[in-house]
Amino acid sequence: MSHRYRCRICGYIYNPAISDPKEGIAPGTLFERLPQNYRCPDCHAYAFAGGRKPFELLEN
Ligand SMILES: [Zn+2]
């Protein structure tokens with residue numbers, strides 16, 4: 001089961017089934033496997049920087 005994550009700042013939802021091909025992330029990439037410098041495509045918050053975690057797990 002692949003989980004979706006939501007950006008707390010802007011509400012963008014990272015869906016691994018769609019992923020983020022515009023940023024070169026292949027569909028099927030789990031959120032946990034995103035590059036450490038990955039940024040939210042809408043608000044550009046770093047997903048993993050500095051211990052702050054803008055993204056929260058969406059419960060199904
Ligand atoms: Zn965002």
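Look above for the structure.
Residues numbered from 1 in each chain as written. Predicted model: local features only at pLDDT ≥ 70, side-chain atom pairs only at ≥ 80, totals over all residues. Heavy atoms only, no water.

Engineer: What is the right way to read the coordination of the zinc ion from this model?
Structural biologist: The protein atoms donating to the zinc ion are Cys7 (SG), Cys10 (SG), Cys40 (SG) and Cys43 (SG), with metal-donor distances spanning 2.3 to 2.4 Å. Angles of 101 to 118° at the metal separate the four donor atoms of the zinc ion, which places the site in the tetrahedral class. Counting along the primary sequence, the residues that act as donors to the zinc ion give the motif C-x2-C-x29-C-x2-C. Placement of the pair is cysteine 10 in the loop between strand 1 (5-7) and strand 2 (13-14) and cysteine 43 in the loop between strand 2 and strand 3 (55-57), with a sequence separation of 33 residues. Under the relative-accessibility criterion, cysteine 43 is labelled partly exposed at 26%. (Donors = N, O, S within 2.8 Å, 3.2 Å for Na, K, Ca; no water. Tetrahedral: all angles 85-135°; square planar, octahedral: opposite > 155°, others 65-115°. Helix = DSSP H or I, 4+ residues; strand = E, 2+ residues; numbered from the N terminus. Buried < 20%, exposed > 50% of the residue type's maximum accessible area, 1.4 Å probe, protein only.)

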